[in-house]
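The chain contents come next:
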Amino acid sequence: MEIADLVASKVLDVPDFPKPGVLFKDLMPLFADGPAFAAAIDAIIAEQGADSFDVVAGIEARGFVIAAAVAYATGKGVVPIRKAGKLPRKTVAATYALEYGEATLEVHADAFIAGERVLVVDDVLATGGTAAATLGLVEEAGGTVSGFSVLLELAFLEGRAKLAGRPIHALLTV
């Protein structure tokens, strides 16, 4: 089975979540299926190349799971990109616009060695706001973005447009 078909088979549509009119794409069945999850992680590593990055950064919260698995499989370290106020030491922050309001992400100021190649991972690329903020944050903290991988890209939300010129990889695009 092709990886896109495998991912598609493990996505559940949840209507009206987190608010009325939104069709949420739930990837928890993929995370819960050991062989399917392993295949997804292997596909990310195969696409990016295990030697193309020095550390993996995961975006809160499902990105943590993906980052930890990729890091473990490649013998690399993992860095969490957190919501504001969750990290104990000095941080670098990026604030970005949401549909209603704004959000802030943070990473420890010393999370990356200058020029360290960082693979950023998350579960979904939607509008691109979180991804764009994260990639900028990694660079502000001294890292070099070597790639950005997601399990699922919602192309109709045009998030890729906010990441123009960035290396983007999705296992499944809908």
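Everything numeric in this text was worked out from a predicted model, so none of it was measured.

Caption draft 1: Seen up close, the pairing of strand S4 (residues 77-83). Relative to S4, strand S3 (residues 55-59) is paired through five bridges, and the arrangement is parallel. Bridged to Gly-58 within S4 is Pro-80.

Caption draft 2: Fine view of helix H5 (residues 129-140). When the terminal C-alpha atoms of H5 are compared, their 16 Å separation across 12 residues agrees well with the 16 Å that a helix rising 1.5 Å per residue should span. Buried within H5 we find Gly-129, Ala-131, Ala-133, Thr-134, Leu-135, Leu-137 and Val-138. Buried positions along H5 lie against S3, S4, strand S5 (91-97), strand S6 (102-108), strand S7 (117-125) and strand S8 (144-153). Where H5 terminates, the next one or two residues include Gly-142, which has phi positive at roughly 105°.

Caption draft 3: Fine view of the nonpolar core. Judged by nonpolar contacts, the single largest core of 28 residues is most densely connected at Leu-27, Ile-66, Val-70 and Leu-151. Mapped onto this core, the elements with two or more residues apiece are helix H1 (3-9), helix H2 (28-32), helix H3 (34-48), helix H4 (62-74), S7, S8 and strand S9 (168-173). The greatest single-element share of this core, amounting to seven residues, is contributed by H3.

Caption draft 4: Spotlight on the pattern of salt bridges. Counting across every chain of the model gives eight salt bridges. One salt bridge in this structure joins Arg-89 and Asp-110, with 2.7 Å as the shortest N-O distance. Here the residue Arg-89 occupies a position in the loop between S4 and S5, and Asp-110 occupies one in the loop between S6 and S7, the gap between them amounting to 21 residues. For Asp-110, a relative accessible area of 52% corresponds to the exposed category. Taking the shortest distance from any N to any O, the salt bridge between Glu-139 and Arg-166 comes out at 2.6 Å. Placement of the pair is Glu-139 in helix H5 and Arg-166 in the loop between S8 and S9, with a sequence separation of 27 residues.

Caption draft 5: Structural detail: the layout of surface pockets. Taken as a whole, the largest pocket spans an internal volume of roughly 1,400 Å³. Every residue lining the largest pocket is counted, 38 residues in all, and those nearest its centre are Pro-18, Leu-98, Ala-126, Thr-127 and Thr-130. If you list the elements that add at least two residues to the lining of the largest pocket, you get strand S2 (23-26), S5, S6, S7 and H5. In terms of residue class, the lining of the largest pocket is made up of 22 nonpolar, six polar and 10 charged.

Caption draft 6: Molecular detail of the sheet that holds S4. If you walk across this open sheet you meet the seven strands as S5-S6-S4-S3-S7-S8-S9, and the pairing is mixed. The two strands at the open ends of the sheet, each matched to only one other strand, are S5 and S9. Across the sheet, the axes of successive neighbouring strands diverge by a mean angle of 20°, strand direction being ignored. In this sheet, S8 lies alongside S7 in parallel orientation, the contact comprising eight bridges. What sits directly across from Val-120, in S8, is Phe-148. Here H5 sits on the sheet and contacts S3, S4, S5, S6, S7 and S8; the angle it forms with S5, its principal contact strand, is near 155°.

Caption draft 7: Structural detail: the environment of Phe-112. Tracing the sequence through the fold places Phe-112 in the loop between S6 and S7. Residue classification places Phe-112 among the buried positions, given a relative accessible area of 6%. For the pair Phe-112 and Lys-86, spaced 26 residues apart in sequence, the C-alpha to C-alpha distance is 18 Å.

Caption draft 8: Looking closely at the packing of aromatic side chains. Scanning all chains against the criterion turns up two aromatic pairs. The positively charged end of Lys-76 is found above the aromatic ring belonging to Phe-53, 4.6 Å away from the centroid.

The rules behind these values
Residues numbered from 1 in each chain as written. Predicted model: local features only at pLDDT ≥ 70, side-chain atom pairs only at ≥ 80, totals over all residues. Heavy atoms only, no water. Pairing = 2+ DSSP bridges. Helix = DSSP H or I, 4+ residues; strand = E, 2+ residues; numbered from the N terminus. Expected span 1.5 Å × (residues − 1). Buried < 20%, exposed > 50% of the residue type's maximum accessible area, 1.4 Å probe, protein only. Contact = heavy atoms within 4.5 Å. Core = buried A, V, L, I, M, F, W, Y, C linked by side-chain atoms within 4.5 Å. Salt bridge = Lys/Arg side-chain N within 4 Å of Asp/Glu carboxyl O. 1 Å grid on protein atoms, 1.4 Å probe; cavity = no way out; pocket = protein on both sides within 12 Å on 5 of 7 lines; lining within 4 Å. Points joined across faces, edges and corners; volume = space filled by probe spheres on them. Nonpolar A, V, L, I, M, F, W, Y, C, P; charged D, E, K, R; others polar. Axes fitted to C-alpha atoms, helices over the stretch in contact; angles between N-to-C directions. Phe/Tyr/Trp six-rings, centres within 6.5 Å; stacked < 30°, edge-to-face > 60°. Lys NZ or Arg CZ within 6 Å of the ring centre and 35° of its normal.

Honestly, it's all geometry; don't read function into it.
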